[in-house]
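Commentary on secondary and tertiary structure
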Amino acid sequence: MRASRYGTPFLLDLGLSEQLTSLVWLAGPISGLIAQPVIGAVSDASTSKYRRRYWIVTSTVVLVISTLTLAYCREIAGFFVDLFGDGESWDPKYIKTVTDTAIGFAIVSFYLLDFALNALQASLRNLLLDVAPPEQLNAGNAWHSRMLNAGNIVGYGFGFLPLANMPILRLLGGSQFRKFCVVCMIILAGTVWITCWTQEEQQRENKRIEKGNSVRDVFKGIYSTILSLPKPIRRVCYVQVFAFMGWFPFLFYSTTYIGQVMAYELDAEPDHDYATRTGAFAMLLYSIIAVAAGTLLPYLTRRDARLLAQEGDEDEDAELSRLRGQVREWRADAARRGKPLRLPIMPFFLRNIWTGAMLLFTFLTLMTFFVTKVWQAIILVSLVGICWAVACWAPFAIIMEFLKEQEREPASEGDAAAREWLRRPSHSRTLSTPAARRNSRQTENERTPLVRRRRSFDQHNASALQQDDEAASGGTVLGIHNLAIVMPQFVVALVSSAIFRIVDADAEADPANNALYGKNGVAWVLRFGGVCTLFGAVIARMVPPTRTEKEMRRRLAELKVLQEEGTP
């Protein structure tokens with residue numbers, strides 16, 4: 001969104017028309033549809049210990065080159081025109097050629113920038129999924145949300161600073177936009193280097209059946225993954241479709257909404273620069289509140305280690321014995337301190353926090369019916385930062401936790417089989433009950449052995465390998481999840497256009513041709529998004545708790561029963 005805020009004036013200044021500028025910004029949704037699923041699928045198929053960091057570094061290099069090309073597109077265009085042309089700098093034809101070449105470089109750079117940015121975002125999420133243990137996924141995604149919103153603050157801050165007057169940056173020449181691009185790329189390169197240097201991936205073992213790596217195989221794998229998505233993850237994607245039908249209107253038109261409220265309050269067309277700065281100030285407050293919310297809200301979902309599984313919990317009896325001993329220890333400790341026994345508190349489920357944030361978003365957007373002052377609009381926009389902090393954290397944490405549980409399922413089954421192997425003799429008869437014998441007679445023949453061994457570990461490993469192959473597609477799943485985020489942008493563009501045409505028809509026909517005064521279409525677009533988000537909140541209630549959350553709730557219920565029984 002910051003790119004469109006700073007990039008649109010730059011493109012218009014180059015001489016690109018508003019219609020072509022809008023086509024340039026189609027690079028965002030198009031790259032989101034293609035880059036993230038493809039990068040996720042390709043890196044999933046790799047067994048290298050650099051499978052995620054390779055794409056992080058590659059996309060960063062493309063991002064830096066495309067951004068610097070964008071910042072210096074006029075100079076680069078002039079160099080190539082001088083190299084291959086024969087005009088003089090005073091010749092209007094020469095100037096037009098340079099301008100057209102610069103516009104061409106700018107458009108190509110913007111498309112490369114968007115594709116590289118989506119590839120970088122996908123690879124960073126995939127790296128987080130790979131390196132973070134299951135119990136830290138919630139915290140990891142919360143930190144990702146904080147850093148994302150902290151980056152917004154830094155971006156808005158550099159946009160306000162007079163970079164052209166700073167001693168070192170002044171040597172770069174050019175406009176504020178060029179210096180902003182250079183500073184951002186320096187920060188990006190430094191943070192990416194820290195990430196790749198400090199994080200280490202595990203090399204995967206080669207699968208017995210290697211998947212094809214052709215373009216057709218990649219897209220076929222993405223399509224098959226879409227059809228076979230687990231139901232919880234599929235429901236998260238459904239929620240995201242409706243949620244981002246609310247988010248895109250806000251992200252695109254929030255500053256314009258501030259300007260329209262200002263025009264309503266002044267009963268005249270406001271100064272556009274002042275309205276833009278006021279909108280940017282509201283978005284800065286929005287980012288600060290998002291960082292604060294992203295820091296505080298994860299504490300509501302922090303999981304008490306006493307409710308998590310322990311190493312000795314081999315089965316239900318062992319776990320119940322451990323819980324009984326814990327209650328005994330807690331009761332004795334409480335008696336020594338002269339206080340009542342207090343059990344651990346069940347944290348909020350991630351889906352509950354997510355649902356609450358979407359309901360708050362719906363409430364805030366519907367409150368636009370009552371906003372008549374600029375300060376009221378600023379407060380409203382700022383409070384949406386709470387919802388954005390949750391949107392950048394909760395759904396990703398839910399999906400990654402489901403993926404980790406699916407990935408660990410084969411290992412847990414293998415441990416259970418090993419324990420069962422130690423308990424039973426290797427020549428135990430598995431078909432000793434009459435019911436089992438009756439069910440098996442249909443497949444028995446004279447070659448079937450009378451005494452059967454338990455399933456060998458080779459067979460178990462083969463099935464586990466197959467499950468692991470299916471569970472290892474985390475990058476592909478996150479890419480598909482991004483499809484659910486990007487697709488609503490096309491719907492919102494059509495609906496917003498229709499709303500503007502209906503609501504602002506009289507203002508558009510006004511000979512004064514005001515940009516803000518007399519228009520109220522943005523408020524109705526925001527309300528439309530709020531209603532869509534309400535549907536998302538309803539569907540979010542259908543997203544089941546993760547297995548860890550269910551087990552924590554079960555253990556807490558058992559602790560309460562043991563407490564009531566007064567276990568000695």
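Here we summarise the structure given alongside this text. (Residues numbered from 1 in each chain as written. Predicted model: local features only at pLDDT ≥ 70, side-chain atom pairs only at ≥ 80, totals over all residues. Heavy atoms only, no water.)

**Some thoughts on the packing of aromatic side chains**
Definition in use: Classification of ring pairs rests on two measures: the distance between centres of Phe, Tyr or Trp rings, Trp counted by its six-membered ring, which must be within 6.5 Å, and the angle between planes, read as stacked under 30 degrees, edge-to-face over 60 and tilted in between. The helix count covers DSSP runs of H or I at least four residues long, the strand count covers runs of E at least two residues long, and both are numbered beginning at the N terminus. The criterion for a charge sitting over a ring is simple: Lys NZ or Arg CZ within 6 Å of the ring centre, and within 35 degrees of the ring normal.
In this structure the tally under the stated criterion is 16 aromatic pairs. Taking 6.1 Å as the distance between ring centres and 35° as the angle between the ring planes, the aromatic pair formed by Phe242 and Phe535 counts as tilted. With a gap of 293 residues between them, Phe242 in helix α10 (residues 231-266) and Phe535 in helix α21 (residues 521-540) connect regions that are remote in the sequence. An aromatic cluster is defined as three or more aromatic residues linked by ring pairs; in this entry it consists of Phe244, Trp247, Phe248, Phe250, Phe252, Tyr253, Tyr286, Phe361, Trp388 and Phe500. The ring of Phe369 is capped by Arg527, whose NZ or CZ atom sits 3.9 Å from the centre of that ring. Note that Arg527 overlies the ring of Trp524, its terminal NZ or CZ placed 4.6 Å from the centroid.

**Focus on the side chain of Gln240**
Filter applied, for reference: Only heavy atoms matter for contacts: two residues are in contact if any of them lie within 4.5 Å across the pair.
Along the chain, Gln240 turns up in helix α10. Sequence-distant contacts of Gln240, defined by excluding residues within four places in its chain, comprise Trp354, Pro395, His481, Ala484, Ile485 and Pro488.

**Re a nonpolar patch on the surface**
Operational definition: What makes a patch is a set of residues exposed beyond 30% relative accessible area and free of salt bridges, joined within 9 Å when like-charged and within 5 Å when nonpolar (Val, Leu, Ile, Met, Phe, Trp, Tyr). We get accessible surface area from the Shrake-Rupley algorithm with a probe of 1.4 Å; when it comes to residues, only the shown protein chains can shield them. Here, a salt bridge means any Lys or Arg side-chain nitrogen found within 4 Å of an Asp or Glu carboxyl oxygen.
Together, Leu366, Phe369, Phe370, Ile502, Val503, Trp524, Val531 and Phe535 make up an exposed nonpolar region whose accessible area comes to about 790 Å². Among the secondary structure elements, those contributing two or more residues to the nonpolar patch are α19 (488-503) and α21. Per element, the largest residue contribution to the nonpolar patch is 3 residues, and it comes from α21. With respect to the secondary-structure elements, Val503 resides in helix α19.

**Some details on helix α12 (residues 316-337)**
Basically, it comes down to this: Residue count minus one, scaled by 1.5 Å, sets the expected span of a helix. The buried label applies to any residue whose accessible area, calculated with a 1.4 Å probe on protein chains only, is under 20% of its type's maximum; exposed applies above 50%, and partly exposed to all values in between.
Here α12 is 22 residues long and its end C-alpha atoms lie 31 Å apart, about the 32 Å a rise of 1.5 Å per residue gives. Every buried residue of α12 is accounted for by Glu319, Arg322, Leu323, Gly325, Gln326, Val327, Trp330 and Ala334. Against the buried residues of α12 lie α22 (547-565). One or two positions beyond α12, positive phi appears at Gly338, with a value near 70°.

**Focus on the nonpolar core**
Let me state the cut-off plainly: Here, nonpolar core refers to any group of buried Ala, Val, Leu, Ile, Met, Phe, Trp, Tyr and Cys residues whose side-chain atoms link them within 4.5 Å.
One finds Trp247, Phe250, Tyr257, Tyr286 and Trp393 to be the most contacted residues of the largest nonpolar core, which totals 79 residues. Among the elements that take part in this core, α10 stands out by supplying 16 residues, more than any other. Excluding residues within four positions of it along the chain, Trp393 makes contact with Asn138, Asn141, Ala142, Ser145, Leu297, Pro298, Thr301, Leu350 and Ile353. Ala71, Tyr94, Ala106 and Phe110 belong to the second-largest nonpolar core, a separate cluster that totals 18 residues.

**A few points about the packing of α10 against helix α11 (residues 272-296)**
Note the cut-off: Only the stretch in contact is used when a helix axis is fitted, and all axes are lines through C-alpha atoms; the angle between N-to-C directions ranges over 0 to 180 degrees. Angle categories are assigned with fixed cut-offs, so that under 35 degrees is roughly parallel, over 145 is roughly antiparallel, 65 to 115 is roughly perpendicular, and the rest are oblique. Handedness of a helix crossing follows the sense of rotation of the near helix relative to the far helix, less than a right angle counterclockwise being left-handed and clockwise being right-handed. Following the grouping adopted for this structure description, the nonpolar residues are Ala, Val, Leu, Ile, Met, Phe, Trp, Tyr, Cys and Pro, the charged ones are Asp, Glu, Lys and Arg, and the polar ones are all others, Gly among them.
Look at α10 against α11: their axes get within 8 Å of each other, and the N-to-C directions meet at 135°. Classified by the angle their axes make, α10 and α11 are oblique. As α10 packs across α11, the resulting crossing turns out to be right-handed. Contacts from Trp247, Phe250, Leu251, Ser254, Thr255, Ile258, Gly259 and Met262 of α10 reach α11 at Tyr274, Ala275, Thr278, Gly279, Ala280, Ala282, Met283 and Tyr286. A per-class count over the contact of α10 with α11 returns 11 nonpolar, 5 polar and no charged.

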